[in-house]
Amino acid sequence: MTVGVLALQGDFREHATVLSSLGSDVVLVRRPEELAVVDGLVIPGGESSVMDKLSRMFGLAEPLRAAIGAGLPVYGTCAGLIMLADTVLDAIRGQQSLGGLDISVRRNAFGSQADSFETDLDIPALGAVPVHAAFIRAPVVESVGPLATALATVADGRCVAVEQGNLLGTSFHPEITGEHRFHEYFLQKVLSAAFRG
Ligand code: GLN
C-alpha cells in the first residue's frame with residue numbers, strides 16, 4: 001500500500017515514520033502528481049490556516065477535494081482534522097477547509113500552546129487499552145452531523161475523534177506518543193478501499 005502524507009507544513013515526518021514502521025510505502029505529497037499515486041492520505045498537525053494557503057498556492061486544494069469526494073481514505077490529526085471539517089469556527093479571515101467530515105470544529109478550543117496537555121482516552125473502537133493522547137493547541141469537534149460518528153470524548157464530554165466512511169479525524173496527535181492504533185485503524189480503511197477500488 002502506498003500512503004501519502006501531506007507535506008506542505010507541520011509534523012508530516014512523524015506520520016511518515018509511523019506509517020513506514022507499519023509497513024506502508026510512504027509518499028510525501030506536495031504536488032497533484034504525488035497525490036495521484038496514493039491509496040490513502042494523512043493530513044498532519046501543524047497550522048491549518050497555513051496548510052490551507054499552501055494547498056491553494058500549490059494547486060493541491062481542488063485535487064484534494066476531488067480525491068476526498070471520490071472516496072480516498074484520509075486521516076487528519078489536529079490541523080488535519082480542521083482541514084477535513086465541513087465547518088471551521090474561529091478560523092482566520094478567508095481560511096477555507098477541504099471538507100468531507102460532516103462536523104464543525106472550533107480551532108484552539110482548549111486554549112493556547114501553554115494549555116497543551118496529555119490524557120488517556122477510552123476509545124472502544126480501538127480496544128480496551130486507553131489511548132494516550134497529546135493535545136497541542138487542539139481543536140474540538142463542536143457538533144457532529146448525521147453523517148459522522150463520534151469515536152472519543154474527553155472527560156467533560158467534548159468530542160475529539162470522529163469517522164465518516166473513509167475519513168478519520170482526531171483533535172490529538174497519536175504520531176508523537178507512540179500510539180499506533182489510529183494509524184492501523186486507518187490502514188484498514190486504506191486496504192478495504194483498495195480492494196473495492
Ligand atoms: N491550532 C492549530 C490550527 O488551527 C492546530 C494545532 C495542531 O495541529 N497541533 O491549525
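My aim in this report is to walk through the structure given alongside it, one point at a time. (Residues numbered from 1 in each chain as written. Predicted model: local features only at pLDDT ≥ 70, side-chain atom pairs only at ≥ 80, totals over all residues. Heavy atoms only, no water.)

1. Structural notes on the overall build of the protein chain
Looking only at helices and strands, the protein chain has six helices and twelve strands in total. In terms of overall size, the protein chain behaves like a compact globule, its C-alpha atoms giving a radius of gyration of 15 Å where 197 residues would be expected to give roughly 16 Å. With respect to the principal axes defined by its C-alpha atoms, the protein chain has extents near 40 × 40 × 30 Å. Evaluated residue by residue, the protein chain yields a buried proportion of 52% over its 197 residues. Of the contacts made within the protein chain by residues no fewer than 6 positions apart, 64% connect residues no fewer than 24 positions apart. Surface summary for the protein chain: the accessible area is close to 8,300 Å², and the carbon and sulfur share equals 53%. Charged side chains in the protein chain number 14 positive and 22 negative. The centres of these two groups are separated by 7 Å. (Helix = DSSP H or I, 4+ residues; strand = E, 2+ residues; numbered from the N terminus. Rg over C-alpha atoms; globule rule 2.2 N^0.38 Å. Buried < 20%, exposed > 50% of the residue type's maximum accessible area, 1.4 Å probe, protein only. Contact = heavy atoms within 4.5 Å. Areas by Shrake-Rupley, 256 points an atom, 1.4 Å probe, with all protein chains shown as cover. Lys, Arg positive; Asp, Glu negative; His and termini not counted. Charge placed at Lys NZ, Arg CZ, Asp CG, Glu CD.)

2. Considerations on the pairing of strand β3 (residues 40–43)
Burial along β3 is two-sided: the residues Gly-40 and Val-42 and Leu-41 and Ile-43 are all buried. For β3 and strand β4 (residues 74–77), the ladder comprises three bridges, and the chain directions are parallel. Bridge pairing in β4 places Val-42 opposite Tyr-75. (Pairing = 2+ DSSP bridges.)

3. Considering the site of the ligand
Near the ligand, the surroundings consist of Gly-45, Gly-46, Glu-47, Ser-48, Cys-78, Ala-79, Ile-82, Arg-107, Asn-108, Ile-136, Arg-137 and His-173. Taking Arg-107, its side chain carries an N or O atom lying 2.8 Å from an oxygen atom of the ligand. Between His-173 and the ligand, the recorded distance is 2.9 Å, taken from a side-chain N or O atom to a nitrogen atom. The protein chains hide 97% of the 300 Å² of surface that the ligand would expose on its own. Its residues assigned to classes, the shell around the ligand shows four nonpolar, five polar and three charged. (Near = heavy atom within 4 Å. Polar contact = N/O pair within 3.5 Å; in protein donor to acceptor, adjacent residues only side chain to side chain. Nonpolar A, V, L, I, M, F, W, Y, C, P; charged D, E, K, R; others polar.)

4. Observations regarding the pairing of strand β2 (residues 25–29)
Alignment of strand β1 (residues 2–6) against β2, held across five bridges, turns out to be parallel. Counted as the bridge partner of Val-5 is Leu-28 from β2.

5. Things to note about the side chain of Lys-189
Tracing the backbone through its elements, the reader meets Lys-189 in helix α6 (residues 181–196). Classification of Lys-189 by relative accessible area gives buried; the value is 12%.

6. Topic: the nonpolar core
Inside soluble globular proteins, nonpolar side chains tend to come together where they are buried. Core analysis: the largest hydrophobic core is formed by 32 residues, its most contacted members being Leu-6, Leu-35, Leu-41, Ile-43, Val-74, Ile-103 and Val-105. Elements with a contribution of two residues or more to this core: β3, α3 (48–57), α4 (61–69), α5 (79–84), β5 (85–89), β6 (101–106) and β11 (159–164). Of all the elements, α5 adds the most residues to this core, at five residues. Ile-43 has contacts with Leu-6, Met-51, Val-74, Tyr-75, Gly-76, Thr-77, Gly-80, Met-83, Leu-84 and Leu-98, leaving out every residue within four places of it along the chain. Residues Phe-12, Ala-133, Ala-138 and Phe-182 belong to the second largest nonpolar core, which totals 30 residues. (Core = buried A, V, L, I, M, F, W, Y, C linked by side-chain atoms within 4.5 Å.)

7. Considering the packing of aromatic side chains
Taken as a whole and assessed by the stated rule, the structure comprises seven aromatic pairs. Taken together, a centroid distance of 4.6 Å and an interplanar angle of 5° make the contact between Phe-117 and Phe-135 stacked. Taken together, the residues Phe-117 in strand β7 (residues 117–121) and Phe-135 in strand β8 (residues 131–135) connect sequence positions 18 residues apart. Taking relative accessible area as the criterion, Phe-117 reaches 28% and is therefore assigned partly exposed. For the ring pair Phe-135 and Phe-172, a centre distance of 5.4 Å and an interplane angle of 55° mean the geometry is tilted. Of this pair, Phe-135 sits in strand β8 while Phe-172 sits in the loop between β12 (167–170) and α6, and the two are 37 residues apart along the sequence. As far as the burial class goes, Phe-135 and Phe-172 line up, both buried. (Phe/Tyr/Trp six-rings, centres within 6.5 Å; stacked < 30°, edge-to-face > 60°.)

Everything listed here is a matter of coordinates, which is why it stays silent on function.
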